[in-house]
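# Descriptive analysis of the structure
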Amino acid sequence: MPTPRKDAWSDRIPVQPSDPRPIWSQIEEGLRRLLASSALAPGDPVPSVRELATDLRVNPATVSKAYQRLVGAGLLEVRRGDGTYVSATPPAVRKSEQTRLIRQAAMNFASLAITHGAELKTARESLEQAWEELSSNRRGDGR
Amino acid sequence: MTDEAVVRVDSVSVRYHQNLVVDRVSFTVARGAVYALLGRNGAGKSSLIRCLLGLQRPTSGQVFVFGEDVWRHRARLLGRTAYVPEACDAPGQLRVRDVVAFYKSMYPAWEESAVRDRLARIGVSESATVAALSKGQRALFTLALALGSKPELLVLDDPTLGLDVVARNDFFSDFIGELADRGTTVILTTHDLAGVEGIANRVGILQGAHLALDEEVEQMKLERGQSLEQVFTDITRVSGRLP
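Residues numbered from 1 in each chain as written. Chains lettered and ligands numbered in written order. Predicted model: local features only at pLDDT ≥ 70, side-chain atom pairs only at ≥ 80, totals over all residues.

All right, on to the interface of chain B and chain A then. At the interface, 20 residues of chain B touch 15 residues of chain A. Counting residues per element, the ones that place at least two in the side of chain B that touches chain A are helix H6 (165-182), helix H7 (193-197) and helix H8 (217-224) of chain B. Counting residues per element, the side of chain B that touches chain A draws most heavily on H6 of chain B, which supplies seven residues. Its residues placed into classes, the side of chain B that touches chain A shows eight nonpolar, eight polar and four charged. (Contact = placed C-beta atoms within 7 Å. Helix = DSSP H or I, 4+ residues; strand = E, 2+ residues; numbered from the N terminus. Nonpolar A, V, L, I, M, F, W, Y, C, P; charged D, E, K, R; others polar.)

So this is what it looks like as structure tokens:
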């Protein structure tokens, strides 16, 4: 996996201010997605509130609210004077959340494949290929 | 919230001859909040801003800033407030360093090094004349001047008007950094709804001299299931005229 660029958070956490969903919930959802997909691993640092707010161009209080909720859910932890990190020991609830997110993403993928007239076999192969690529990248990531 | 209110607009009306441009408008801005005051051209935003800054006396009603009547205590209150006008109002022939020196002489709490850093970051040379700055640089320079006095209240009048997308993003990034670092209370007017939608916590929409809406942005979106732009369009279209 390429090292995330310092300014890449707006690519990794898609936030649409014009989306009727509250922005804190979009940020929370985006971070949950990164956690569930292991793009953020236990112990990884997350950006400071200032950095993420500036990058996403949203009010710092909004980022703070999303972080507080994730800390409350046990997904993130604050290390005093150091920063905010992905919890080293993610809580058990994460499993059901993971299942929910995976189902949701599978639904999106399946509907995209069907829309483009792909066969189940082709779609499955694409998934397996993507899986392989990501797994080998993660192995080479040194974590 | 009363204790925490930095600004309290209390039934303010502004009348020019027979023309009532602001009609009994009331709202409060809590400490640390970013309040976006929206409205189409001629909706009374500028008159209200002038009242807020103590530059104009309301025809009736009062504006309280930090708990004090702005009109009566404007000299004292202006030291705690900074204003970013729509366009940089420093004379074009002056050099950046002269404008900075002028501001420094007015504000005892002037943050010399922070202003220097900010100017360096935005690529503004202190020896350049104001006229030589690009429009985007002028906007950032004006913001840097306003923040140099470490204001508790920042009032911005359509600060991103006419900026290209890069300059606008730079402006908002700088502005958000300030919010993160100091939790400054902000009132801004703007036509850039997309730009402020993620930044404002609360929004007021002026329509036909009245404050037609005064709500928390996230709450408003959640309840109405609409973006700020949709809500704004719905409210301001009532007059039946095209924008």
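Residues and elements named next belong to chain B. Spatially, E6-E7-E8-E3-E9-E10 is the arrangement adopted by the six strands of the open sheet, whose pairing is mixed. Every other strand in the sheet has two partners, leaving strand E6 (81-84) and strand E10 (210-216) as the edge strands with one partner each. Averaged over all pairs of adjacent strands, the angle between their axes in this sheet comes to 15 degrees, without regard to strand direction. Across four bridges, the pairing between strand E3 (residues 34-39) and strand E8 (residues 185-189) is parallel. From the neighbouring strand, Leu37 faces E8, where its bridge partner is Thr189. Here helix H5 (residues 135-148) sits on the sheet in contact with E6 and strand E7 (153-157), set at roughly 175 degrees to E6. Where helix H9 (residues 228-236) meets the sheet, it contacts E3, strand E9 (202-207) and E10, and its direction lies at approximately 20 degrees from that of E9. (Pairing = 2+ DSSP bridges. Axes fitted to C-alpha atoms, helices over the stretch in contact; angles between N-to-C directions.)

Time to look at the environment of Ala66 of chain A. Residue and element names in this part refer to chain A. As for its placement among the helices and strands, Ala66 is situated in helix H4 (residues 60-72). By the C-beta count within 10 Å, which is 26 here, Ala66 ends up buried. Along the sequence, Ala66 and Gln26 sit 40 residues apart, while their C-alpha atoms lie 8.6 Å from each other. In contact with Ala66, other than residues within four places in its own chain, are Trp24, Ile27, Glu28 and Leu31. (Buried ≥ 20, exposed ≤ 12 C-beta atoms within 10 Å, placed from the backbone.)

Here the focus is the domain arrangement of chain A. Much of the literature gives interface size as the accessible area that the parts lose upon coming together. In terms of domain boundaries, chain A breaks down into domain 1 (9-86) and domain 2 (94-139). The class makeup of the residues in the side of domain 1 of chain A that touches domain 2 of chain A is two nonpolar, no polar and two charged. (Domains from an automatic or database assignment.)

Next up on the list: unusual backbone geometry. What is expected of a backbone is that most residues other than glycine have negative phi and most peptide bonds are trans. Residue and element names in this part refer to chain B. Even without glycine at this site, Phe66 takes up a positive phi of about 50 degrees. Looking at the element boundaries, Phe66 is found in the loop between strand E4 (60-65) and strand E5 (68-69). Phi at Asp158 is positive, roughly 45 degrees, even though this residue is not glycine. Following the sequence through the fold, Asp158 ends up in the loop between E7 and H6. Taking the C-beta count within 10 Å as the criterion, Asp158 has 18 such neighbours and is therefore assigned partly exposed.

All names here are of chain B. Counted residue by residue, E9 has five buried out of six residues, so it is predominantly covered. Taken together, the five bridges between E3 and E9 define a ladder with parallel strand orientation. Among the inter-strand pairings, Gly39 is bridged to a residue of E9, identified as Leu206. In this sheet, E10 lies alongside E9 in antiparallel orientation, the contact comprising six bridges. The residue bridging Arg202 from the neighbouring strand is Glu216, located in E10. A loop of two residues connects E9 with E10, the two strands running antiparallel in sequence, and Gly208 in this loop sits at a positive phi of about 55 degrees.

Quick look at the sheet that holds E5 of chain B now. Residues and elements named next belong to chain B. One open sheet accounts for four strands, arranged E2-E1-E4-E5; its pairing is antiparallel. Two strands in the sheet have a free side with no partner beyond their single neighbour: strand E2 (19-30) and E5. Sheet topology note: the strand E1 (residues 5-16)/E2 ladder contains eight bridges and is antiparallel. Within the sheet, the bridge partner assigned to Val12 lies in E2 and is Val25.

In this section: the confidence of the model for chain B. In this model, chain B carries an average pLDDT of 90, and 96% of its residues clear a pLDDT of 70 or more. Across the assembled chains, the prediction reports ipTM 0.84 with pTM 0.81. (pLDDT = per-residue confidence, 0-100.)

A few words now on the nonpolar core. Considering soluble globular proteins, one finds that nonpolar side chains tend to be buried as a cluster. All names here are of chain B. Tyr35, Ala36, Leu52, Leu143, Val155 and Ile187 are the most contacted members of the largest nonpolar core, which has 93 residues in total. The biggest single contributor to this core is H5, with eight residues. Those residues in contact with Ile187, other than ones at most four positions away along the chain, are Val7, Val29, Tyr35, Leu37, Leu52 and Val155. (Core = buried A, V, L, I, M, F, W, Y, C linked by C-beta atoms within 7 Å.)

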